[in-house]
Amino acid sequence: MTATTPTPPGAPLPVGALRAYVPPADAVPGDGVAGDIVPGAQRPEPPTRQPTGDSVPPTGQPAVGAGTLEVLVRRLDPDLPLPAYAQPSDAGADLVTAQDVTLAPGERAIVGTGLSVALPEGYAAFVHPRSGLAARHGLSVVNAPGTVDAGYRGEVKVILINTDRSEVIALRRGDRVAQLVVQRVEHAVFREVDLLPDSVRGAGGFGSTGGFGRSSDGGPRREGHGVRSGS
Ligand SMILES: O=c1ccn([C@H]2C[C@H](O)[C@@H](COP(=O)(O)OP(=O)(O)OP(=O)(O)O)O2)c(=O)[nH]1
């Protein structure tokens, strides 16, 4: 499925093969792609806020010398960009909303991205929130991360939510609203057994190693053996 031998740029490559990326000599970082939220662009009157501050436009280029994975993409909307990496070593490629959407506090909406993809078998793509929009505006992804299966051929969609308690978020078609992380995934074969092997953690979880803050002796504050479940 994967090739480790570098393939020259432009040469045919089987789906799923890895290729070392070599940028063109005249590549200019930040050459501008639709979907940037332009600082200083006209904003709606408060309390409606339009996300701003995305000063680095995506270059769409992977890291120099890193192995890259070819993923087939169809643009369902020719005016919207392909997923693009804002920085060469980013894990997530930005996705834009295909439509204007206004989210009241607490409201959610499914937006299209104008893209469908064919991931190689053995891979999945995960729709993650963008931290800047989350921190500044409370914009998140309800099912973060959303899972795009290798066999899915429909439009990649993002289930957005405005977690802010008072501000409306107004997004415009082409705004970068989420990021897509493509990862190799294992397909498990679930084998039933009567006993599982021992481990240090055992059944401890849900806070068993402590919560936030420090105890009076400077160590992690312990809050008992995890969160109560059920009765
Ligand atoms: O954020 C997301 C999550 C999912 N999908 C698409 C791709 C994925 O392959 C398909 C199904 O997603 P999932 O398996 O999470 O949905 P489900 O609720 O389990 O539905 P299904 O019964 O169709 O599997 O929907 C997206 O476009 N964006």
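Remember, it's a predicted structure, so these values are computed and weren't measured experimentally.

Trainee: Where do I start with the overall build of the protein chain in this structure?
Mentor: In terms of regular secondary structure, the protein chain is built from one helix and 13 strands. Helices and strands in the protein chain line up, N terminus first, as β-β-β-β-β-β-β-β-α-β-β-β-β-β. The buried share of the protein chain, reckoned over its 231 residues, is 33%. For the protein chain, restricting intrachain contacts to residue pairs at least 6 apart in sequence, the fraction spanning at least 24 positions comes to 69%. Of the accessible surface of the protein chain, which amounts to about 14300 Å², a share of 54% is contributed by carbon and sulfur atoms.

Trainee: Help me out: how do you make sense of the pattern of salt bridges in this one?
Mentor: By the definition in use, this model includes three salt bridges. A salt bridge links Asp-77 to Arg-173; the shortest N-O distance between them is 2.7 Å. Placement of Asp-77 in the loop between β3 (72-75) and β4 (92-96) and of Arg-173 in the loop between β12 (169-171) and β13 (176-184) is noted, with a sequence separation of 96 residues between them. The class of Asp-77 is buried, set by a relative accessible area of 17%.

Trainee: Looking at this structure, how should I read the site of the ligand?
Mentor: Taken together, the neighbourhood of the ligand is formed by Asn-143, Gly-146, Thr-147, Val-148, Asp-149, Tyr-152, Glu-155, Val-156 and Lys-157. Within the contact set of the ligand, an oxygen atom lies 3.2 Å away from a side-chain nitrogen or oxygen of Asn-143. With respect to the ligand, the side chain of Asp-149 contributes an N or O atom lying 2.6 Å from an oxygen atom. Across the complex, the protein chains shield 49% of the 570 Å² of accessible surface that the ligand would expose by itself. For the shell around the ligand, the element with the highest residue contribution is strand β10 (residues 146-148), accounting for three residues.

Trainee: Help me understand the sheet that holds β4, please; the structure alone is not making it clear to me.
Mentor: Backbone hydrogen bonds hold the strands of a sheet together, and the pairing may be parallel or antiparallel. The four strands are arranged β4-β13-β8-β10 in an open sheet whose pairing can be described as antiparallel. Only two strands of the sheet have a single neighbouring strand rather than two, namely β4 and β10. Each strand of the sheet is rotated relative to its neighbour by a mean of 35°, with strand direction disregarded. Judged from the seven bridges that link them, strand β8 (residues 123-129) and β13 form a sheet pairing that is antiparallel. Paired with Ala-124 across the bridge in β13 is Gln-183.

Trainee: Teacher, can you tell me more about the UniProt feature "binding site: substrate" (unreviewed entry) in the protein chain here?
Mentor: In the numbering adopted here, UniProt assigns the feature "binding site: substrate" (unreviewed entry) to Arg-130, Ser-131, Gly-132, Asn-143, Thr-147, Val-148 and Asp-149. For Ser-131, the position within the fold is in helix α1 (residues 131-137). With a relative accessible area of 61%, Ser-131 lands in the exposed category. Structurally, Val-148 is set in strand β10. If we ignore the near neighbours within four places in the chain, the residues touching Val-148 are Val-117, Leu-119, Ala-124, Ala-125, Val-127, Val-156 and Leu-180.

Trainee: What am I meant to see in the environment of Val-177 here?
Mentor: Following the sequence through the fold, Val-177 ends up in strand β13. Relative accessible area serves as the criterion here: at 2%, Val-177 is assigned to the buried category. Separated by 64 residues in the primary sequence, Val-177 and Thr-113 place their C-alpha atoms 9.2 Å from one another. In this structure Val-177 touches Leu-95, Val-96, Thr-97, Arg-130, Leu-133, Leu-139, Leu-160 and Leu-171, once residues within four positions along its chain are discounted.

Trainee: Please explain the sheet that holds strand β6 (residues 108-112) as it appears in this structure.
Mentor: On the basis of which strands lie adjacent, the open sheet formed by three strands has the order β6-β11-β9 and antiparallel pairing. Whereas interior strands pair on both sides, the edge strands pair on one side only; in this sheet they are β6 and β9 (139-141). For this sheet, the mean inter-axis angle between neighbouring strands, taken without regard to orientation, is 35°. With three bridges joining them, β9 and strand β11 (residues 157-162) adopt antiparallel strand pairing.

Trainee: Which parts of the structure should I look at to understand the environment of Gly-114?
Mentor: Structurally, Gly-114 can be placed in the loop between β6 and β7 (115-118). Taking C-alpha positions, Gly-114 is 8.4 Å from Lys-157, a pair spaced 43 residues apart along the chain.

Trainee: Could you clarify how one ought to interpret unusual backbone geometry in this entry?
Mentor: A negative phi angle is the norm for most residues apart from glycine, just as the trans form is the norm for most peptide bonds. Going from Ala-144 to Pro-145, the amide bond is cis rather than trans, its omega being -15°. Mapped onto the fold, Pro-145 is located in the loop between β9 and β10.

Definitions and limits used
- Residues numbered from 1 in each chain as written.
- Predicted model: local features only at pLDDT ≥ 70, side-chain atom pairs only at ≥ 80, totals over all residues.
- Heavy atoms only, no water.
- Helix = DSSP H or I, 4+ residues; strand = E, 2+ residues; numbered from the N terminus.
- Buried < 20%, exposed > 50% of the residue type's maximum accessible area, 1.4 Å probe, protein only.
- Contact = heavy atoms within 4.5 Å.
- Areas by Shrake-Rupley, 256 points an atom, 1.4 Å probe, with all protein chains shown as cover.
- Salt bridge = Lys/Arg side-chain N within 4 Å of Asp/Glu carboxyl O.
- Near = heavy atom within 4 Å.
- Polar contact = N/O pair within 3.5 Å; in protein donor to acceptor, adjacent residues only side chain to side chain.
- Pairing = 2+ DSSP bridges.
- Axes fitted to C-alpha atoms, helices over the stretch in contact; angles between N-to-C directions.
- UniProt positions renumbered as here; feature names shortened; annotations may be inferred.

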